[in-house]
Amino acid sequence: MFRRRRPLLRAAMVGGGAYYAGKKVQQGREQEADQDARLQNLEDTPAPATPSSGGMTDQTIEQLQKLGDLKKQGVLTEDEFEQQKQKLLQSA
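Predicted, not measured: the structure shown is a model, and the values here were computed from it.

**A few points about the overall build of the protein chain**
Phase 1: Helices and strands together make up the secondary structure of the protein chain, namely 4 helices and 0 strands.
Phase 2: Burial analysis of the protein chain (92 residues in total) assigns 9% to the buried set.
Phase 3: Within the structure as shown, the protein chain displays about 8400 Å² of accessible surface, and the carbon and sulfur contribution to it stands at 54%.

Have a look at this one:
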């Protein structure tokens, strides 16, 4: 009778270990599937539009270039140019 317990105990331990390992493998697969779904969702969502040049829009950049051209042509003085530039940068 004593000899019979060891094989049963050994079988129970091996079976329990296999069951536990199988559960861990399954949990890992579920986590990977969840992670893949989240990554796919992130890839599918469009990125928010970011203005170029450190927060300035293309329109602001064009207006600054026009102001610079007016200053080069002599239409605007240095003070007028600086005032208009500050207005543009504050509104951006």
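Here the narrative resumes.
**Some points on the pattern of salt bridges**
Phase 1: Counted according to the given criterion, the structure contains 2 salt bridges.
Phase 2: Among the salt bridges present, the one from Lys71 reaches Glu78, with a minimum N-O distance of 2.9 Å.
Phase 3: By relative accessible area, which is 31% here, Lys71 ends up partly exposed.
Phase 4: For Glu78, a relative accessible area of 42% puts it in the partly exposed group.
Phase 5: A salt bridge links Lys85 to Glu82; its shortest N-O distance comes to 3.6 Å. Here the residue Lys85 and the residue Glu82 both occupy positions in helix H4 (residues 78-91), the gap between them amounting to 3 residues, near one helical turn.

**Observations regarding the packing of aromatic side chains**
Phase 1: Scanning the model with the defined rule gives 0 aromatic pairs in all.
Phase 2: Here Lys71 stacks its cationic end above the ring of Phe81, 4.8 Å away from the centre of that ring.

**Digging into the packing of helix H3 (residues 58-73) against H4**
When two helices pack together, you describe them by how their axes are tilted relative to each other and by the distance separating the axes.
Phase 1: The N-to-C vectors of H3 and H4 enclose an angle of 175°; their axes lie 10 Å apart at closest approach. Here H3 is positioned roughly antiparallel relative to H4, judged by the angle of their axes. Together, Thr60, Gln63, Leu64, Leu67, Gly68 and Lys71 of H3 and Glu78, Phe81, Gln84, Lys85, Leu88 and Leu89 of H4 make up the contact between the two elements.
Phase 2: A breakdown of the residues in the contact of H3 with H4 according to their chemical character gives 5 nonpolar, 4 polar and 3 charged.

**Examining the confidence of the model for the protein chain**
Phase 1: For the protein chain, the mean per-residue pLDDT works out to 83, and 84% of the residues sit at or above 70.
Phase 2: Of all secondary-structure elements in the protein chain, the lowest mean pLDDT belongs to helix H2 (residues 52-55), at 58, while H3 reaches the highest, 90.

Reading guide: rules and limits
- Residues numbered from 1 in each chain as written.
- Predicted model: local features only at pLDDT ≥ 70, side-chain atom pairs only at ≥ 80, totals over all residues.
- Heavy atoms only, no water.
- Helix = DSSP H or I, 4+ residues; strand = E, 2+ residues; numbered from the N terminus.
- Buried < 20%, exposed > 50% of the residue type's maximum accessible area, 1.4 Å probe, protein only.
- Areas by Shrake-Rupley, 256 points an atom, 1.4 Å probe, with all protein chains shown as cover.
- Salt bridge = Lys/Arg side-chain N within 4 Å of Asp/Glu carboxyl O.
- Phe/Tyr/Trp six-rings, centres within 6.5 Å; stacked < 30°, edge-to-face > 60°.
- Lys NZ or Arg CZ within 6 Å of the ring centre and 35° of its normal.
- Axes fitted to C-alpha atoms, helices over the stretch in contact; angles between N-to-C directions.
- Parallel < 35°, antiparallel > 145°, perpendicular 65-115°, else oblique.
- Contact = heavy atoms within 4.5 Å.
- Nonpolar A, V, L, I, M, F, W, Y, C, P; charged D, E, K, R; others polar.
- pLDDT = per-residue confidence, 0-100.

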